[in-house]
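# Fold and contact review
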Amino acid sequence: MKKHNYSAGPCILPQEVFEKSAQAILNFNDSGLSLLEISHRSKDFVAVMNEARAIVLELLGLEGKGYSALFLAGGASLEFVMAPYNLMKEGGKAAYLDTGTWAAAAIKEAKLFGETVVVASSKEENYNHIPKGYTIPADADYFHCTSNNTIFGTQMKEFPSVDIPLVCDMSSDIFSRELDFSKFDLIYAGAQKNMGPAGTTLIVVKEEILGKNDRIIPSMLDYAKHIKAESMYNTPPVFPVYASLLTLQWLKNLGGIAAIEKINNAKAALLYGEIDRNPLFKGAAAVEDRSNMNATFLLNDEAHAATFDAMWKAAGISGLPGHRSVGGYRASMYNALPLESVQVLVDVMQALEKAI
Ligand SMILES: Cc1ncc(COP(=O)(O)O)c(C=O)c1O
């Protein structure tokens, strides 16, 4: 039986994506060849890459606005390095908002390149909220933030308006809600949360921000080189790109980001409603900053943990334990998780209340 998969990533993808990807591994486009054994320069794969890059811009509303989409390897973690390498000037500085483990990891890498100003941090409160009211230095080369903090379950609901390039790690909520994506100059996201399997990273970059620092950038870390090579500077991760394309086609057929946002809002309202109603549970993140993707919550009395764990496992739920730095539970409700799965979890929470 298919499990209700709450894994934080790699995570659930639409069933049709699993089926179509499996088919492509056996016989891609009826070619008599597997997707895994053809040249990435073949007509069929070049078409996959081109469509994947185009559908990203279409879904984000960025077509014809000077942006390029790239599917690279190295994970979102490599973008912690590529962003400063490409955008921070020699002797320049960058501004960062510290909202969690991944933001802190990005800051650590940026420091290798130059002055890195942390405009605000919620570290002292174990990242349970998004800091607000901070000032971004106008002379920074860019401002970096993390739209959704996968581990702590917080999500930025608003983004600052800045006159410097706005860079955002959207790994765990890209394509989940409508935003004015044209506010951002560089967006990156590891595929394995809302877009596809692990192995590729999506980069969406406004071309005009590139080529403005005097660093000599190694070719593989140079966004401009990847754009020029149409995301084929070297052999791309063909399978993750193909599966990501299938997920994005699924999203487009569903009605795009506006349609999935409604479903995501319904899922989050259902689960947070129960967390707030049920006297056995409490949410871990500040209410106004709660993530619609990763809901973190705790039992008020840890003594019920063994019973609760046995109950949700018996209901076919998988991947619910929280990250060790928060404890408790984390329900990751990415795009492909159906509303029905959230109802199953809510039913278990209510059954626990009745049982004790
Ligand atoms: C918000 C965020 N940024 C970055 C990363 C790191 O991604 P990767 O493992 O692709 O390097 C993660 C992984 O969970 C994440 O959630």
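Residues numbered from 1 in each chain as written. Predicted model: local features only at pLDDT ≥ 70, side-chain atom pairs only at ≥ 80, totals over all residues. Heavy atoms only, no water.

### Focus on the packing of aromatic side chains
Counted by the stated rule, this structure contains 11 aromatic pairs. Here Tyr127 and Phe152 contribute two aromatic rings whose centre-to-centre distance is 5.1 Å and whose plane-to-plane angle is 55°, an arrangement assigned as tilted. With Tyr127 in the loop between strand 4 (115-121) and strand 5 (143-146) and Phe152 in the loop between strand 6 (148-149) and strand 7 (154-155), this pair connects stretches of sequence that are 25 residues apart. Across this residue pair, the class does not change: Tyr127 and Phe152 are buried. Three or more aromatic residues joined by ring pairs make a cluster, and in this case those are Phe281, Phe297, Phe308 and Tyr329. A cation over a ring is seen here: Lys313 above Trp312, with NZ or CZ 5.3 Å from the ring centre. (Phe/Tyr/Trp six-rings, centres within 6.5 Å; stacked < 30°, edge-to-face > 60°. Helix = DSSP H or I, 4+ residues; strand = E, 2+ residues; numbered from the N terminus. Buried < 20%, exposed > 50% of the residue type's maximum accessible area, 1.4 Å probe, protein only. Lys NZ or Arg CZ within 6 Å of the ring centre and 35° of its normal.)

### Comments concerning the site of the ligand
Near the ligand you find Gly75, Ala76, Ser77, Phe80, Trp102, Thr146, Asn148, Thr150, Asp169, Ser171, Gln192 and Lys193, and these make up its full shell. Between an oxygen atom of the ligand and a side-chain N or O atom of Trp102, the distance comes to 3.4 Å. Residue Lys193 places a side-chain N or O atom 2.9 Å away from an oxygen atom belonging to the ligand. Notes on the ligand: free accessible area 390 Å², of which the protein chains cover 86%. The element that contributes the greatest number of residues to the shell around the ligand is helix 3 (residues 75-87), accounting for four residues. Looking at the shell around the ligand residue by residue, the classes come out as three nonpolar, seven polar and two charged. (Near = heavy atom within 4 Å. Polar contact = N/O pair within 3.5 Å; in protein donor to acceptor, adjacent residues only side chain to side chain. Areas by Shrake-Rupley, 256 points an atom, 1.4 Å probe, with all protein chains shown as cover. Nonpolar A, V, L, I, M, F, W, Y, C, P; charged D, E, K, R; others polar.)

### Comments concerning the domain arrangement of the chain
Along its sequence, the chain is carved into domain 1 (15-254) and domain 2 (257-355). Each of domain 1 and domain 2 was reduced to a C-alpha centroid, and the two centroids are 28 Å apart. Listed by partner, the interface residues are 28 residues for domain 1 and 26 residues for domain 2. Approximately 2,100 Å² of surface area, both sides summed, lies buried where domain 1 meets domain 2, with 54% of it carried by carbon and sulfur atoms. Contact with domain 2 buries surface across domain 1, with Ile151, Gly153 and Glu178 losing the most and accounting together for 22% of the total. If you look at where domain 1 meets domain 2, you find one salt bridge. Between Lys132 and Asp289 there is a salt bridge, and its shortest N-O distance comes to 3.0 Å. Along the contact surface separating domain 1 from domain 2 lie 16 residue pairs in polar contact (both at pLDDT 80 or more). Of all the secondary structure elements, the ones that give two or more residues to the side of domain 1 that touches domain 2 are helix 2 (43-60), strand 7 and helix 6 (238-254). (Domains from an automatic or database assignment. Contact = heavy atoms within 4.5 Å. Buried area = accessible area lost by both parts, 1.4 Å probe. Salt bridge = Lys/Arg side-chain N within 4 Å of Asp/Glu carboxyl O.)

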